[in-house]
Every structure is written in C-alpha cells, then in structure tokens.
Amino acid sequence: MLKLLVSRAARVSTSRNHNGFAAFSFSRCVHSLQFATVEAEEISGSKPAEVLNLVQGKWVGSSKWNTIVDPLNGDSFINIAEVDETGIQPFVESLSSCPKHGVHNPFKAPERYLMYGDISTKAAHMLSLPKISDFFTRLIQRVSPKSYQQAFGEVYVTQKFLENFCGDQVRFLARSFAVPGNHLGQQSHGFRWPYGPVAIITPFNFPLEIPVLQLMGALYMGNKPVLKVDSKVSIVMEQMLRLLHSCGLPVEDVDFINSDGKTMNKLLLEANPRMTLFTGSSRVAEKLAVDLKGRVKLEDAGFDWKILGPDVHQEDYIAWVCDQDAYACSGQKCSAQSLLFMHENWSKTSLLSKLKDLAERRKLTDLTIGPVLTVTTDSMLEHVNKLLEIPGSKLLFGGRPLEDHSIPSIYGAIKPTAVYVPLEEIMKDKNFELVTKEIFGPFQVITDYKNSELPVVLDALERMHNHLTAAVVSNDPLFLQEVIGKSVNGTTYAGLRARTTGAPQNHWFGPAGDARGAGIGTPEAIKLVWSCHREVIYDYGPVPKNWEIPPST
C-alpha cells in the first residue's frame, strides 16, 4: 500500500519540482545517491535497515541493538545500535574536548563561518534534486507515517532554510556592534558568542526539519553538538548527516547518539554541556531544567487554541484550515489545533458539518490519517469518554478506532475526533485540567461563546500552561487587538487566513512567556538559542597628560 502511494506521489512531486538545472545535475550525479546507505522503499521486516552512532568522527555500532517496529504493520524493520549507560564515555570525551569558547567565534577560526555557508549551499542544492527530496520524503513516511505532501513539506522547509544561510549569511549571524566609550580610545563591542559543547534532543514527529534546523543553527554559531533524535525515526537524521558529510561537514563537528532517555540523561550530567535544546514533552522538559540547573532552551508541548471571531467569511476555507490544523499528520504536531472557540455567529453556520465531512474523507490508504506513535487507541478513547461525562458535552464526530488496518497495538489508531464541551463547563476547576490536556493525536475540543463571553475566553487562555501557537480568525482589527493584547502564544497567526500549524523557515516558531523558550528557523531564533552575548570593552588610551594617582575611593 505504502509503495504504491509514495511512488504515485513521487511522480507528482518530481514533475512539479523538476527544473532544467536540477534535471541536468540529477541525470549526471545523483542517480545512485552515493551518500545513502538505505533504500526507503526496501526497508521491511525481511530487509531491515541499520542505524549507527557517530562519535569522534567515526560511525560506530553498539553491543546492544534495539528493534523498531513498522508503525503500519508491526514488523521489526529497523535495527538501532543503541548506546547504554556503559557506552557513553566516548561521547562524554568528545563533548569535553570542545572548549567553552567554541569551535569558532568572531576571534577564532572565522573562516568556518564561510565554510558553513558553503555547506549550506551544497546541501540546499542536494535537497532540491527530485530524487533526493523524494528519498527523504519516503523515508519520513516509513517511520512517521503522514501523507506524501506533509512529508514533502518537511523536506521543502529544510531545503529553504539551508538556502537562507548560503554564502555570507552564516557570518552575518555573528554580526557585532560598537558603542562609543567615555573617553578617547574606549569602545564597547557586543559579540554573539558560542556556548561550546551543547546537546540537541528532538522528537519523532518531524524527523528531518526540527533536528536539521536546530543542528545547523548550533553549528553556524560555533558550537560542538551531540544530537539525539527519537530512535523511532533516527534513521532519517542518520542519512541526512551522511548527506551533510558529502557536502563538506567535518565528520568530527557533530556527534550522533541513539539511546533511551535514561542513558541520555546520564550523558548530559557527565558531559555537562553548556546548553541543551530540548523539543518534546513538558514532563521531560521540566526534569531537564532541574537536572541541568536551568542550562536549557525548551520548545515543549503545545495545547494550541484557535478563536473564530464574530465576522463570518469563507466558510469552506475556514473549515478546511480547521481540518488541516487539527488532523494533518494525524494531529501529531506540537502546533496542532487542540481547542476551537467559535463565536456564536459561526455556530449558526454549517461550519461543523463541513468540518465533519472533511475529517471523514481522511483515510489510511493515503496516510491522511494514520498511526499515532505516542498515545494508544485505548488512551485516546478513554479521554473522549471522560470528556463526554461533562454535562452538556457531546461527540461531534469520530470517537471510534480505525478499521481494517495492521497498525500494532503499541500505537494509536482512531478516526479524526471532535468533542463539544460548553464554555461554562470548561471553566470549572474540576474540568479545566481535563479539557486542556494535550492529546498528541487526531483529537480536538470545540466550544462556542457569545460576545459577552469574550472575557471568559481570554481568562481560559490565561489559565493555560503552554503558549506555543495560536490563531485568531478575524479581519476585525479591534477584535484582533483585544485578543492578541491579552494572550501570550509565541507564534500567533491573525486574520481571516489564520492557522495554528505551520513552521516555515521564514518566521519564528516557538513559545512565549517562558524565559527558557526556544525558537527555530530564523536568524533571531538561532542567535537566541545557540549563542550568548559577550561584551569586549577596548580601552587603548591615551592616559591623560599630567595624570596623577587620585585619592582612594
């Protein structure tokens, strides 16, 4: 089923993205994908792939191998060379070999800024080639099943990000400034300074985009990172590292480890990286913040809301965006729409019936709905049932397991689901925590509100704990002003076309309201996460004529 799906979609993608230059390079150089060690379509229980570790410039195996099961049929299809607590010493030594002032900085090895501009140029070109973009798209689908277009979007964003940092753009990230001093010969200069040894921990849901963008940001600023990607999907990043090596990335610049959480935690405590970037669950994020004494940047869970304002426009379009926000990638986006507030004017339209129709056209055969990798079917349905015990709540659609599939029971498989809960019930203390619990799957809560209840809606936003993405769907400037001015979310879309999902390379994506919050993708995000400020005050003199030692002060 998957082979048929991706081969058909690949033909569409290739015809859409094939330009003359790409076709020329494609035919001459890339037919064999010399960097790759796997074929995405051939990975199976009968022909499992292997994933290695990279440390001190060498690809290495392990005495222990962990088996990953195919999320579509349960076959053991990837073998991971997993490092346990007894095997972390080479990684500790590798990180410890990097000084606090980094591998490069504005005063040390500045030619490396240019080197990374060149690496980005070559890697961006490689990902633009149809056969390579298709390879990574299909590899993503194998381990984190989503539609071809959703997986291809990840490759596209990664390619565009790399294009953004070609040529001189890497050194521009380290741009400094100078301020005149108090006397002749004195100037203060502000520099962006690396942390040196750092760690990156990324989740399963975006196996290429999140680790590449954070990894390259760390490298651009002069850090030495150890990268851990969720083992379920780490094969994608292993292959991307091999591509980057073919583009000139020095093999000793990045370490790559496969391990469980306990082992990684021990590595962090022993290697003591100066900064750790964590993208994932709030529970783990809070533990790391304590264990690492605050030396973290976090992009953790997102219970993301959307508010439909009083002005009703473009029902079909708004319904489609709501469906995409809630159910694309089977709801496994940290930016997925979790709670939809509808103004009463929208309640009078056919929006909900259109949303139901759109959700019900999703099917497993094209992976527009698919396995949920962190929440079981029983857990999701149990949550639905608890919500339905709230007075006035009702099941709008879904609420049933997927049918006719071979998804293993360790994963979840339910139809796209929405539960209506009255606003007044949501706000009750006994219900609020339940209603705002993030379910990392194809599930959302929907409610409605009157004009007079907008302050109640704003109070609900204030009471939430995670402030990642949000959408305010309205072209009423006064309404937008009211909601944006009294909310926090770090990536907020506003206007008729507002959405909650979407992390392109052209704007900041990350939470707000938390001093530990991390961003991704933009120059501002890279500088915030992967560098700190250093001030150098030059004071050359001259000492004033006839200067004498003054009295003690």
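The rules behind each value
Residues numbered from 1 in each chain as written. Predicted model: local features only at pLDDT ≥ 70, side-chain atom pairs only at ≥ 80, totals over all residues. Heavy atoms only, no water. Helix = DSSP H or I, 4+ residues; strand = E, 2+ residues; numbered from the N terminus. Expected span 1.5 Å × (residues − 1). Buried < 20%, exposed > 50% of the residue type's maximum accessible area, 1.4 Å probe, protein only. Pairing = 2+ DSSP bridges. Axes fitted to C-alpha atoms, helices over the stretch in contact; angles between N-to-C directions. Right-handed = clockwise from strand over helix to strand, strands pointing away. Salt bridge = Lys/Arg side-chain N within 4 Å of Asp/Glu carboxyl O. Patch = residues over 30% accessible without salt bridge, like charges linked within 9 Å, V, L, I, M, F, W, Y side chains within 5 Å. Areas by Shrake-Rupley, 256 points an atom, 1.4 Å probe, with all protein chains shown as cover. Phe/Tyr/Trp six-rings, centres within 6.5 Å; stacked < 30°, edge-to-face > 60°.

A.B. asks: Tell me about helix α8 (residues 209-220), residues and numbers included.
C.D. replies: Over its 12 residues, α8 extends 16 Å from the first C-alpha to the last, a length consistent with the 16 Å expected when each residue adds 1.5 Å. In terms of burial, α8 is a largely internal element, 12 of the 12 residues being buried. Regarding α8, the residues found buried are Glu 209, Ile 210, Pro 211, Val 212, Leu 213, Gln 214, Leu 215, Met 216, Gly 217, Ala 218, Leu 219 and Tyr 220. Looking one or two residues past α8, Gly 222 carries a phi angle of roughly 105°, positive in sign.

A.B. asks: Residues and numbers for the sheet that holds strand β16 (residues 417-420), please.
C.D. replies: Read across the sheet, seven strands follow the order β15-β16-β17-β14-β13-β18-β19 without closing on themselves; strand pairing throughout is mixed. Each edge of the open sheet carries a strand with a single partner, namely β15 (394-397) and β19 (491-494). Ignoring strand direction, the axes of neighbouring strands in this sheet form an average angle of 20°. Of the pairings in the sheet, the one linking strand β14 (residues 337-343) to strand β17 (residues 443-449) comprises five bridges and is parallel in character.

A.B. asks: Any details on the pairing of β19? Residues and values, ideally.
C.D. replies: Of the two faces of β19, only the one carrying Thr 491 and Tyr 493 is buried; Thr 492 and Ala 494 on the other face are not. Looking at chain direction, strand β18 (residues 469-473) and β19 are connected through four bridges and run parallel. Note on β19: the bridge partner recorded for Ala 471 is Tyr 493. Note on the crossover from β18 through helix α19 (residues 477-485) to β19: the handedness is right-handed.

A.B. asks: Could you give an account of the pattern of salt bridges, with specific residues and numbers?
C.D. replies: Scanning the model with the defined rule gives 26 salt bridges in all. Lys 232 is the salt-bridge partner of Asp 230, the closest N and O atoms lying 3.1 Å from each other. Taking the shortest distance from any N to any O, the salt bridge between Asp 323 and Arg 362 comes out at 2.8 Å. You can see Asp 323 sitting in helix α12 (residues 315-327) and its partner Arg 362 sitting in the loop between α14 (351-360) and α15 (377-388), a full 39 residues away along the chain. Looking at Asp 323, the relative accessible area reads 2%, which means it is buried. Salt bridges linked by common partners bring Glu 41, Asp 134 and Arg 138 together as one network.

A.B. asks: Describe a nonpolar patch on the surface, naming the residues involved and giving the relevant values.
C.D. replies: Taken together, the side chains of Val 543, Trp 547 and Ile 549 make up a nonpolar region of the molecular surface, amounting to roughly 400 Å² of accessible area. Among the secondary structure elements, Trp 547 is positioned in the segment after β20 (532-539). Of the residues examined, Trp 547 reaches a relative accessible area of 54% and is grouped as exposed.

A.B. asks: Tell me about the packing of aromatic side chains, and please be specific about residues and values.
C.D. replies: Tallying each qualifying case throughout the model produces 15 aromatic pairs. With centroids separated by 6.4 Å and ring planes inclined at 35°, the aromatic side chains of Phe 152 and Tyr 156 adopt a geometry described as tilted. Within this pair, Phe 152 and its partner Tyr 156 are both found in helix α6 (residues 148-164), separated by four residues, close to a single helical turn. Taking relative accessible area as the criterion, Phe 152 reaches 7% and is therefore assigned buried. Take Tyr 156: its relative accessible area is 37%, and that puts it in the partly exposed class. Between the aromatic rings of Phe 204 and Phe 440, the centroid separation amounts to 6.0 Å while the plane-to-plane angle is 85°, which identifies the pairing as edge-to-face. Of this pair, Phe 204 sits in the loop between β8 (197-202) and α8 while Phe 440 sits in the loop between α17 (429-435) and β17; the two residues are 236 residues apart in sequence, bridging distant segments of the chain.

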